[in-house]
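Coordinate inspection notes
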Amino acid sequence: MNACMANLIAETFYHPDFPRRAKRTMSVTLAMAIVAIIVAMLVFDHEPNSFSVIESANAGAADSKQARIAGFVTSATVLELIDTLLHKRGGYLSNDVAPPGIFMDNVPNWEWGVLVQVRDISVALRNDFSRSQSQSVENPYLIEVDNRIRIDSEKWMFPAAENEYKGAAAALSKYLSGLSRSGESETQFFTRADNLAGWLAVVEKRLGDLSQRLSASVGQARVNTDLAGDPQAEQSTETPAVVVVKTPLLEIDDVFYEARGATWALIHLLRAIEYDFAPVLEKKNARVSLQQIIRELEPTQDPLWSPLILNGSGLGVLANHSLIMASHISRANAAMNDLRQLLEQG
């Protein structure tokens, strides 16, 4: 038996055609690996569909009564957003260090847009929605949610971002359970106009930032308005009166997909807010204003038929996808400002 094995090895390695065979095998293996990576990239390059916030909350509730508790739909929606980040097609890609995720940027930027909205609402839950006044005690579950969700989104081990997000989801599930548990006085959700206005102010700034970066895809000169409206205002260092702003060419699609992710998450959060804050919105006659914001954001999720994010001029032959996205977000941003001021009025 040993002699036969020795003969086989000798014939294989000392055959005059071995180098050519090895090269052919390596070439075929490499080609198959490249094809497999490309196929996986095409499969994973997918944005999740929208979901019904009411149906999602009902599915996670112990009974129909629990889903009607103040704040349950909003909290359940945040939980569903985290779950989508982790378990969508291809899983969480932002921290991948191996193919195909390491070669992809559209979906990771989409994930970043969603993650920013989840972080903002987590802060609002911890500091505003769950507290009745400035000296009230923080909810321990929401402290854990806020701390865990803030890990570096690209951290892949010790600990991995996914593990921290799973921990945040687990803590948020405990908060959800506490909302409906009798005697759980420290676990609350307060649907007040001032709480909602505070979160909307943060969202308004996020939308303004996205709108500016999207509009800068073609480059434009802007008058510096940093100190406008306050004659006593000062800033740390002097800046020019006119600033030329332009998003780098290789970052245009990054900003576009970040905006897609942020608006996707925001649409669901606003629908949840519409349900939980219905009495407040009705009292302020502001429900229609919120519905208009949602309607302005919905076109940002229309199917993208172009394989590339085009960057044509405003009225040129080719479309400019960034400017179209910016127009929807700008209108939503203006409507958000009106809604916030309406809620802040006595």
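Refer to the preceding data block for the structure.
Residues numbered from 1 in each chain as written. Predicted model: local features only at pLDDT ≥ 70, side-chain atom pairs only at ≥ 80, totals over all residues. Heavy atoms only, no water.

**Quick notes on the pattern of salt bridges**
Within this structure, the stated rule accounts for 17 salt bridges. Among the salt bridges present, the one from Glu 138 reaches Arg 126, with a minimum N-O distance of 2.7 Å. With Glu 138 in the loop between helix 6 (106–129) and helix 7 (140–149) and Arg 126 in helix 6, this pair connects stretches of sequence that are 12 residues apart. Between Asp 146 and Arg 126 there is a salt bridge whose closest N-O contact spans 2.8 Å. Here Asp 146, found in helix 7, pairs with Arg 126, found in helix 6; they are 20 residues apart in sequence, far enough to count as distant. On the basis of relative accessible area, Asp 146 is assigned to the buried category, the value being 7%. Residue classification places Arg 126 among the buried positions, given a relative accessible area of 15%. Shared partners join several salt bridges into a network, and the residues in it are Arg 126, Glu 138, Asp 146 and Arg 150. (Salt bridge = Lys/Arg side-chain N within 4 Å of Asp/Glu carboxyl O. Helix = DSSP H or I, 4+ residues; strand = E, 2+ residues; numbered from the N terminus. Buried < 20%, exposed > 50% of the residue type's maximum accessible area, 1.4 Å probe, protein only.)

**As for the nonpolar core**
Counting residues in hydrophobic clusters, the biggest one holds 77 residues, and the most contacted among them are Ile 82, Tyr 165, Leu 172, Trp 199, Leu 270 and Leu 343. For this core, the element with the most residues is helix 10 (residues 252–276), which contributes 14 residues. If we skip the residues at most four places from it in the chain, Ile 82 touches Val 118, Ile 149, Tyr 165, Ala 169 and Leu 172. (Core = buried A, V, L, I, M, F, W, Y, C linked by side-chain atoms within 4.5 Å. Contact = heavy atoms within 4.5 Å.)

**Considerations on the packing of helix 12 (residues 287–297) against helix 13 (residues 321–344)**
Running from N to C, helix 12 and helix 13 point in directions that differ by 165 degrees, and their axes come no closer than 8 Å. On the basis of the axis angle, helix 12 is roughly antiparallel to helix 13. Crossing geometry of helix 12 relative to helix 13 is assigned as left-handed. Here helix 12 contributes Ser 289, Leu 290, Ile 293, Glu 296 and Leu 297 to the contact with helix 13, which in turn contributes His 328, Arg 331, Ala 332, Ala 335, Met 336, Leu 339 and Leu 342. When the residues that make up the contact of helix 12 with helix 13 are grouped by side-chain class, the tally is 8 nonpolar, 2 polar and 2 charged. (Axes fitted to C-alpha atoms, helices over the stretch in contact; angles between N-to-C directions. Parallel < 35°, antiparallel > 145°, perpendicular 65-115°, else oblique. Left-handed = near helix turned anticlockwise from the far one by under 90°. Nonpolar A, V, L, I, M, F, W, Y, C, P; charged D, E, K, R; others polar.)

**Observations regarding the packing of helix 6 against helix 10**
Here helix 6 crosses helix 10 at 40 degrees, and the two axes come no closer than 7 Å. Overall, the two elements helix 6 and helix 10 adopt an arrangement that is oblique. At the point where helix 6 passes helix 10, the crossing takes the right-handed sense. Across the interface between the two elements, Asn 106, Asn 109, Trp 110, Trp 112, Gly 113, Val 114, Gln 117 and Ile 121 of helix 6 pack against Asp 253, Asp 254, Tyr 257, Glu 258, Arg 260, Gly 261, Ala 262, Trp 264, Ala 265, Leu 266 and Leu 269 of helix 10.

**A short note on the packing of aromatic side chains**
By the definition in use, this model includes 7 aromatic pairs. Between Tyr 92 and Tyr 165, the ring centres sit 5.5 Å apart and the planes meet at 85 degrees, which makes this aromatic pair edge-to-face. Of this pair, Tyr 92 sits in the loop between helix 5 (72–87) and helix 6 while Tyr 165 sits in helix 8 (residues 161–179); the two residues are 73 residues apart in sequence, bridging distant segments of the chain. Accessibility classification places Tyr 92 together with Tyr 165 in one group, the buried group. With 5.5 Å between their ring centres and 80 degrees between their planes, Phe 256 and Tyr 257 make a pair best called edge-to-face. The pair Phe 256 / Tyr 257 is uniform in exposure class, with both members buried. Aromatic rings pair up to connect Phe 51, Trp 110 and Trp 264 into one cluster. (Phe/Tyr/Trp six-rings, centres within 6.5 Å; stacked < 30°, edge-to-face > 60°.)

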